[in-house]
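# Summary of the model geometry
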Amino acid sequence: MSAQIELLSARSVLGAEPLPDLASADRLIFSNSGGKDSIVAMDEGVRRADEAGVRDRIVVLHIDLGRTPRGHSVEWPGTVDLARRQAAHYGLPFEVRRMTKWPSLVHRIRARGQFPHLMTRFCTSEKRGRARRFMTEQVKALGPLGRPARIVHVMGFRGQESRARRPAVEVDRRASNGRRTVTQWYPVLRWSEAEVWQRIRENGLPYHWAYDAGMSRLSCSLCVLASVPDLECAARLRPELAREYADLETEMGVPFRRELSMAEIIRRAGGAA
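In what follows, the accompanying structure is described. Note that the coordinates shown come from a computational prediction; the quantities given were computed from them, not determined experimentally.

### With respect to the packing of aromatic side chains
- Counted by the stated rule, this structure contains 8 aromatic pairs.
- Centroid distance Tyr207 to Tyr211: 6.5 Å. Interplanar angle 55 degrees. Geometry classified as tilted.
- Among the residues examined, Tyr207 registers a relative accessible area of 31% and is labelled partly exposed.
- By relative accessible area, Tyr211 is classed as buried at 8%.
- Plain terms: the ring middles of Tyr245 and Phe256 are 5.9 Å apart, the flat faces sit at 65 degrees to each other, and that makes the pair edge-to-face. Of this pair, Tyr245 sits in helix 9 (residues 239-252) while Phe256 sits in the loop between helix 9 and helix 10 (262-272), and the two are 11 residues apart along the sequence.
- A relative accessible area of 2% means that Phe256 is categorised as buried.
- Clustering of aromatic rings is evident, with ring pairs tying together Phe115, Tyr245 and Phe256.
- We note Arg166 situated over the ring of Phe157; from NZ or CZ to the ring centre the distance is 4.1 Å.

As structure tokens, then:
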């Protein structure tokens, strides 16, 4: 428990968001989806790590959700390469991990017979599970420490995009165990979208082309939790993937979203185009 308190105790200035005690961390794992929030969280995290003199303890992790049965990337094309370039921008080691049991998220959807939704976000749980296995790899690589390893897991989560309320720094009890203490850190939790783009412009950070093509946020190309305008935009930009999702919902007999089918999204995208 003392390690948890130590990691949670540091603050940048009185009244500001708490910061993890990076100097006491054995490994800093930056989860990078390739999205705008991830690269700004990385930029902010690296800045803080430099202040603590621990940049050499950072590793960047990207979790690739694979290719569909028809060979389409579930993520936006170029995402893995972009995430690699973003890590290289700071001279950081970069690792890619993929789903272990399923070739892609779409294979997982088909096996389950349903798409993810707000109350059953198995897409998110797949990513978290893979990230925890990566943590296990990192702890083994550290070797014997005589105590639980201290991991800080950095994610580009912003509260503006979610109804969930959470602190900027919290102990991840599900990821922690007898061999490690995992602290979640969300550097851009309280940032606005305008502040994120301002940091990207000011620092010349590499970002994905899909934003310039009309997307407001990135995750999977066709995310069940995305806004309708983003879904319509994605269907225009990736019509083959949209058609595969529409065929999948016909095959399973369930809509992409309870109130909105992929067939309807494609219809709207065509009308808008």
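### Side note on the packing of helix 4 (residues 105-112) against helix 5 (residues 122-142)
- Running from N to C, helix 4 and helix 5 cross one another at 125 degrees; their axes reach a closest spacing of 11 Å. Here helix 4 is positioned oblique relative to helix 5, judged by the angle of their axes. Here the hand of the crossing between helix 4 and helix 5 comes out right-handed. Taking contact as the criterion, the partners of Leu105, Arg108, Ile109 and Arg112 in helix 4 are, on helix 5, Phe122, Cys123 and Glu126.
- Split into classes, the residues belonging to the contact of helix 4 with helix 5 amount to 4 nonpolar, no polar and 3 charged.

### Describing the nonpolar core
- In this structure, Leu28, Leu105, Leu222, Tyr245 and Phe256 are the most contacted members of the largest nonpolar core, which totals 69 residues.
- If near-sequence neighbours (up to four positions away) are discounted, Tyr245 is found in contact with Val74, Val106, Phe115, Leu222, Phe256 and Met262.
- Among the nonpolar cores identified, the runner-up in size contains 12 residues, and Val59, Phe134, Val139 and Ala149 belong to it.

### Notes on the sheet that holds strand 6 (residues 180-185)
- Reading across the sheet, the 6 strands line up as 3-2-1-4-6-5 and stay open at both edges, with mixed pairing between neighbours. Of all strands in the sheet, those bounded by a partner on one side alone are strand 3 (94-98) and strand 5 (169-171). Across this sheet, the average inter-strand angle for adjacent strands is 25 degrees, counted without regard to direction.
- Helix-sheet contacts for helix 3 (residues 79-89) involve strand 2 (58-64) and strand 3, and the interaxial angle to strand 3 is about 150 degrees.
- The strands touched by helix 5 within the sheet are strand 1 (27-31), strand 2, strand 3, strand 4 (149-154) and strand 6, with strand 2 carrying the most contacts at an inclination of about 145 degrees.

### Considerations on the pattern of salt bridges
- Taken as a whole, this structure holds 22 salt bridges when the rule is applied.
- The salt bridge partner of Arg108 is Glu126, with a shortest N-O separation of 3.0 Å. On the criterion of sequence distance, the pair formed by Arg108 in helix 4 and Glu126 in helix 5 is long-range, its members being 18 residues apart. Considered together, Arg108 and Glu126 belong to a single accessibility category, that of buried residues.
- Across the pair Arg267 and Glu264 runs a salt bridge whose closest N-O atoms are separated by 2.7 Å. Taken as a pair, Arg267 and Glu264 lie in helix 10 at a separation of 3 residues, close to a single helical turn.
- Through salt bridges with shared partners, a single ionic network connects Asp43, Glu44, Arg47, Arg48, Glu51 and Arg199.

### A word on the environment of Pro69
- Relative to the helices and strands, Pro69 is located in the loop between strand 2 and helix 3.
- The exposure class assigned to Pro69 is partly exposed, which follows from its relative accessible area of 41%.
- In the structure, Pro69 is positioned 103 residues away from Asp172 in sequence and 34 Å away in space, judged by C-alpha atoms.
- Once you skip the residues sitting within four places of it in the chain, Pro69 turns out to touch Val106, His107, Arg110 and Glu244.

### Points about the packing of helix 4 against helix 9
- It is at 10 Å that the axes of helix 4 and helix 9 come closest, and there the two elements cross at 15 degrees. Compared by their axis directions, helix 4 and helix 9 come out roughly parallel. Of the two elements, helix 4 crosses helix 9, and the hand of that crossing is right-handed. Mapping the contact onto sequence places Val106, Ile109 and Arg110 in helix 4 and Tyr245, Leu248, Glu251 and Met252 in helix 9.
- Along the lines of polarity and charge, the residues of the contact of helix 4 with helix 9 split into 5 nonpolar, no polar and 2 charged.

Scoring rules and cut-offs
- Residues numbered from 1 in each chain as written.
- Predicted model: local features only at pLDDT ≥ 70, side-chain atom pairs only at ≥ 80, totals over all residues.
- Heavy atoms only, no water.
- Phe/Tyr/Trp six-rings, centres within 6.5 Å; stacked < 30°, edge-to-face > 60°.
- Buried < 20%, exposed > 50% of the residue type's maximum accessible area, 1.4 Å probe, protein only.
- Helix = DSSP H or I, 4+ residues; strand = E, 2+ residues; numbered from the N terminus.
- Lys NZ or Arg CZ within 6 Å of the ring centre and 35° of its normal.
- Axes fitted to C-alpha atoms, helices over the stretch in contact; angles between N-to-C directions.
- Parallel < 35°, antiparallel > 145°, perpendicular 65-115°, else oblique.
- Left-handed = near helix turned anticlockwise from the far one by under 90°.
- Contact = heavy atoms within 4.5 Å.
- Nonpolar A, V, L, I, M, F, W, Y, C, P; charged D, E, K, R; others polar.
- Core = buried A, V, L, I, M, F, W, Y, C linked by side-chain atoms within 4.5 Å.
- Pairing = 2+ DSSP bridges.
- Salt bridge = Lys/Arg side-chain N within 4 Å of Asp/Glu carboxyl O.

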